[in-house]
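Tertiary structure, described
Residue strings, one per chain:
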Amino acid sequence: MWRSGGGPAWRALAASVWPRAPARCRPRPPARVAPAAGPEPPRDYAVPNGGWSGAMRHHYGRLLGMAAGGAWARLPSYRSARHHLPGGCSRGDGGVGVGGSVPQPLPDPAGAPPGDTRLFLRAIEGDGCGFEYAMFFNAAERRLLCLFQPGPYLEGHPGLTHGGAIAAIVDSALGTCAVAVAGKVMTANLSIDYVAPVPLGAVVLLDGRAERLEGRKVFLSCDIRSTGGDTLHARATGLFIRPDPTKHQPQEDSGP
């Protein structure tokens with residue numbers, strides 16, 4: 001008879017098929033931190049951490065060296081959209097920020113949910129457990145490169161990255177490229193051809209670019225390949241649209 005608890009044999013089989021997540025991905029009790037004298041700058045998640053593999057670090061260093069030439073800019077990545085979507089960009093420490101290297105929070109829009117909110121790709125706790133990525137943008141070519149390492153919490157088939165996680169990183173990469181080219185945009189259409197699975201922990205490179213702009217529409221394309229370029233994992237196209245200013249007027253502050 002099937003029992004929900006399972007016996008030792010079942011537990012052993014389950015442990016062999018679904019091994020425990022790395023220690024860094026397991027929940028930990030929150031650490032007690034003394035109150036800071038002032039607001040701390042947000043953490044930039046698009047820099048090497050303990051969850052990055054040697055291959056991820058190697059290719060990040062290669063892209064960082066390419067950015068040193070000036071044509072490419074490294075894009076910082078923050079957990080909150082208030083930091084991640086600045087109102088203006090300027091070169092800081094090799095990346096893009098607001099008025100320099102440290103972004104300033106944007107005011108909360110009307111109707112914003114109270115409390116802690118997180119960008120979807122930065123919501124998973126634990127370095128290396130979810131989406132590990134770093135983006136570089138070339139304004140002259142309207143092109144974006146995204147180095148991506150999927151963690152164990154993005155599994156679909158055993159040992160392979162879920163197709164939805166692939167779609168999420170493609171949407172984020174193309175959306176970031178569209179924002180850099182045309183300003184505020186929203187995803188209208190995303191089409192993906194999955195060619196070869198991406199193993200968990202593998203490092204792949206997304207190469208996206210804005211193909212053309214037509215009015216408020218931004219048409220983009222993207223390939224996902226192994227860092228060596230020999231394996232095509234997926235190809236995608238995207239349509240992003242700038243909001244119609246006549247239909248999306250911000251609510252004015254009525255004052256106290």
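In this report, we go over the structure that sits alongside the text. No experiment lies behind these values; they were computed from the predicted model shown.

Turning our eyes to something else, we now look at helix 2 (residues 54-67). An ideal rise of 1.5 Å per residue puts 20 Å on 14 residues; helix 2 measures up with 20 Å between its terminal C-alpha atoms. If you follow the buried residues of helix 2, they end up packed against strand 1 (72-75), strand 4 (131-138), strand 5 (143-150) and strand 7 (204-214).

Taken as a whole and assessed by the stated rule, the structure comprises four aromatic pairs. Consider the rings of Phe131 and Phe148, whose centres lie 6.0 Å apart with planes at 20°: the pair is stacked. Taken together, the positions of Phe131 in strand 4 and Phe148 in strand 5 put the pair 17 residues apart, joining distant regions of the chain. By the burial criterion, Phe131 is buried, and Phe148 matches it. The ring centre of Tyr133 lies 3.8 Å from the NZ or CZ of Arg122, which sits over that ring. Between Arg212 and the ring centre of Phe219, over which it is positioned, the NZ or CZ distance is 3.9 Å.

Our next topic: the sheet that holds strand 8 (residues 217-226). Taken together, seven strands build an open sheet; the order of strands is 1-4-5-7-8-9-6 and the sheet is antiparallel. Edge positions in the sheet fall to strand 1 and strand 6 (186-194), since each of these pairs with one other strand and no more. Looking at each pair of strands side by side, their axes are set apart by 20° on average, direction ignored. In this structure, strand 6 lies alongside strand 9 (residues 232-241), joined through eight bridges in antiparallel fashion. Bridge pairing in strand 9 places Met186 opposite Ile241.

Let's shift gears to the environment of Ala236. With respect to the helices, strands and loops of the structure, Ala236 is situated in strand 9. Since its relative accessible area comes to 7%, Ala236 is described here as buried. Setting aside residues up to four positions removed in sequence, Ala236 forms contacts with Val170, Ser191, Ile192, Leu220, Ser221 and Cys222.

So, about the pairing of strand 7. Pairing of strand 5 with strand 7, which is carried by six bridges, proceeds in the antiparallel orientation. Of the residues in strand 7, the one forming a bridge with Leu144 is Gly208. As judged from the 10 bridges shared by strand 7 and strand 8, these two strands associate in the antiparallel manner. Among the inter-strand pairings, Leu205 is bridged to a residue of strand 8, identified as Arg225. Counting the residues in the hairpin turn of strand 7 and strand 8 gives two residues, including Gly215, whose phi is positive at 60°.

What follows concerns unusual backbone geometry. Despite not being glycine, Arg142 shows a phi value in the positive range, around 50°. Topologically, Arg142 is positioned in the loop between strand 4 and strand 5. Classification of Arg142 by relative accessible area gives partly exposed; the value is 31%.

With respect to burial, strand 9 is a largely interior element, seven of its 10 residues being buried. Bridge count between strand 8 and strand 9: nine bridges; the pairing is antiparallel. Of the residues in strand 9, the one forming a bridge with Arg225 is Leu232. The antiparallel pairing of strand 8 with strand 9 creates a hairpin that spans five residues between the two strands, and Gly229 there sits at a positive phi of about 85°.

Turning next to the pattern of salt bridges. In this structure the tally under the stated criterion is seven salt bridges. For Arg143, the salt bridge is made with Glu141, and the minimal N-O distance between the two is 3.4 Å. For the salt bridge of Arg143 with Asp207, the shortest nitrogen-to-oxygen distance reads 2.9 Å. Within this pair, whereas Arg143 is found in strand 5, its partner Asp207 is found in strand 7, the two being separated by 64 residues in sequence. Classification of Asp207 as partly exposed rests on a relative accessible area of 24%. Several salt bridges converge on common partners, so that one network encompasses Arg79, Arg118 and Glu125.

Quick notes on the rules
- Residues numbered from 1 in each chain as written.
- Predicted model: local features only at pLDDT ≥ 70, side-chain atom pairs only at ≥ 80, totals over all residues.
- Heavy atoms only, no water.
- Helix = DSSP H or I, 4+ residues; strand = E, 2+ residues; numbered from the N terminus.
- Expected span 1.5 Å × (residues − 1).
- Contact = heavy atoms within 4.5 Å.
- Phe/Tyr/Trp six-rings, centres within 6.5 Å; stacked < 30°, edge-to-face > 60°.
- Buried < 20%, exposed > 50% of the residue type's maximum accessible area, 1.4 Å probe, protein only.
- Lys NZ or Arg CZ within 6 Å of the ring centre and 35° of its normal.
- Pairing = 2+ DSSP bridges.
- Axes fitted to C-alpha atoms, helices over the stretch in contact; angles between N-to-C directions.
- Salt bridge = Lys/Arg side-chain N within 4 Å of Asp/Glu carboxyl O.

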